[in-house]
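Observations on the three-dimensional arrangement
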Amino acid sequence: MNLEVEVQPPSPYRLPTYGGEDGVMRVEGGVATRLLHVDDCPVLTRAWEPGKGRVALRAEPLDPGSIEAPGDATTRTAGAAELELALERMRFALGVDDDLGEFYRRFRRDPLLGPLLRRRPQLRPRRRPWPWEALAWAVVKQLIESGRAARIQRRMVGRWGARLGAGRDSLRDVPGPGLIAGRAPVELESMGLALKRALALRSVAADVAAGRCDLSEPSADRRLLSVREVGPWTVQCLGLFGRGDPDSLPAGDLIYLKQVGRLARLGRRATVEEVEEFYAPYAPFRGLAGAWLATAA
């Protein structure tokens, strides 16, 4: 049993044309394909645009025997509930249901944002289907340049991600918190992570896997911030890319520090506080405003 829906996005929309840094989503011929695990059920999701202003999404249950996965991660075939949740999470990740009308109206005459909104109204932050993915990759990206972070992500996916198919055509999923919590720090370090970052990733994974930290709730941030090496930037990335909070701005990101330093003519990189002050007029859409301006930068 497959489940398919068609959506009319309430705001200008275009499917992404590339899969992302970690390589788990593939975009070919106008079709975005992603392997997801809903609980322990493997689901193949696809999204495409059958016509202007229309997006179709399909979820297909997979035979657990077709999935190569570490341990016993895959044991059941997805039913109707799992397929519905898979479509819901991909709709969230792709942003097809986002109504950005108020955002456009408020800032269409803004000297910085206005021209970008008119030129690229279809832009969306690259969200993740599950909050865990946003958190894990934020920890990986801390204090390193994006190319190196992408290589670490791909190594982790290649080593521990569940796989459908073989060779270059295979699809992989992001390894879940239970699996990462069970890795020794030296294993995570071998992927290219600094030891402190490896320990932090393992710690938050253990909390999530044990149910001590519900990443879908902002109340989880306090527990996350108690972990060494997890700071405001990490939970702000979780808010924007994992929960879809349009006001969550990762103000400590290097691109914002450089950008605000240039736009404010500081002659240097801005501080985090200066970035937050610069974006304050864009509340409650600071995260969205940052995504548009960062893309322009």
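See the structure above.
Residues numbered from 1 in each chain as written. Predicted model: local features only at pLDDT ≥ 70, side-chain atom pairs only at ≥ 80, totals over all residues. Heavy atoms only, no water.

What about the pairing of strand 5 (residues 54-61)?
On a regular strand, one side chain projects to one face of the sheet and the next to the other, so that they alternate. Defined as follows: The pairing criterion is simple: DSSP has to find at least two bridges between the two strands. Helix and strand definitions here come from DSSP, where helices need a minimum of 4 consecutive H or I residues and strands a minimum of 2 consecutive E residues; each element is numbered from the N-terminal end.
For strand 1 (residues 3-7) and strand 5, the ladder comprises five bridges, and the chain directions are antiparallel. Within strand 5, the position partnered with L3 by the bridge is A59. Once strand 4 (residues 41-51) ends, the chain turns through two residues before running back antiparallel as strand 5, passing G53 with a positive phi of about 75 degrees.

Quick word on the side chain of D221
Rule in force here: Contacts are assigned to residue pairs that have any heavy atoms within 4.5 Å of one another.
Of note, D221 is situated in helix 9 (residues 220-225). Non-local contacts of D221, meaning those with residues more than four positions away in its chain, are made with V235, L238 and R243.

Quick word on the packing of aromatic side chains
Working definition: an aromatic ring pair is given by the centre-to-centre distance plus the angle between the planes. To keep things clear, this is the line we draw: The aromatic pairing rule takes the rings of Phe, Tyr and Trp, using the six-membered ring of Trp, and pairs them if the centres are within 6.5 Å, calling planes under 30 degrees apart stacked, those over 60 edge-to-face and the rest tilted. Working definition: with a 1.4 Å probe on protein chains only, accessible area under 20% of the residue-type maximum means buried, over 50% means exposed, and in between means partly exposed. Here, over-ring charges are defined by two tests on the NZ atom of lysine or the CZ atom of arginine: distance to the ring centre within 6 Å, and angle to the ring normal within 35 degrees.
The tally for this structure, following the rule as stated, stands at nine aromatic pairs. Geometrically, the ring pair formed by F103 and F285 is tilted, given 5.4 Å between the ring centres and 55 degrees between the ring planes. Residue F103 is located in helix 2 (residues 101-107), and its partner F285 is located in the loop between helix 12 (272-279) and helix 13 (286-296); the two are separated by 182 residues in the primary sequence. Both residues of the pair, F103 and F285, belong to the buried class. One aromatic cluster in this structure is built from F103, Y104, F107, Y256, F278, Y279, Y282, F285 and W292. We note R126 situated over the ring of Y18; from NZ or CZ to the ring centre the distance is 4.5 Å.

A few points about the sheet that holds strand 7 (residues 163-164)
One open sheet holds the three strands; their spatial order is 6-7-8, and the pairing between them is antiparallel. Each edge of the open sheet is held by one strand with a lone partner, namely strand 6 (67-68) and strand 8 (171-172). In this structure, strand 7 lies alongside strand 8, joined through two bridges in antiparallel fashion. Its bridge partner lying in strand 8, L164 is registered against L171.

What about the side chain of R89?
Here R89 is to be found in helix 1 (residues 80-94). On the basis of relative accessible area, R89 is assigned to the buried category, the value being 13%. Sequence-distant contacts of R89, defined by excluding residues within four places in its chain, comprise P129, W130, P131 and G242.

Notes on the packing of helix 4 (residues 131-141) against helix 10 (residues 232-242)
The axes of two packed helices give the description: the angle between them and the distance between them. Threshold: In this analysis, axes come from line fits to C-alpha atoms, helices being fitted only over the stretch in contact, and the angle between any two N-to-C directions falls in the range 0 to 180 degrees. The crossing is said to be left-handed when, going from far helix to near helix, the turn is anticlockwise and less than a right angle, and right-handed when the turn is clockwise. Three classes are used: nonpolar for Ala, Val, Leu, Ile, Met, Phe, Trp, Tyr, Cys and Pro, charged for Asp, Glu, Lys and Arg, and polar for all others, with Gly counted as polar.
Contact geometry for helix 4 and helix 10: axes closest at 8 Å, N-to-C directions at 145 degrees. The element helix 4 and its partner helix 10 pack so that their crossing is right-handed. Contacts between helix 4 and helix 10 involve P131, A134, L135, A138, V139 and K141 on the former and, on the latter, W233, T234, C237, L238, F241 and G242. Across the contact of helix 4 with helix 10, the residue classes break down as nine nonpolar, two polar and one charged.

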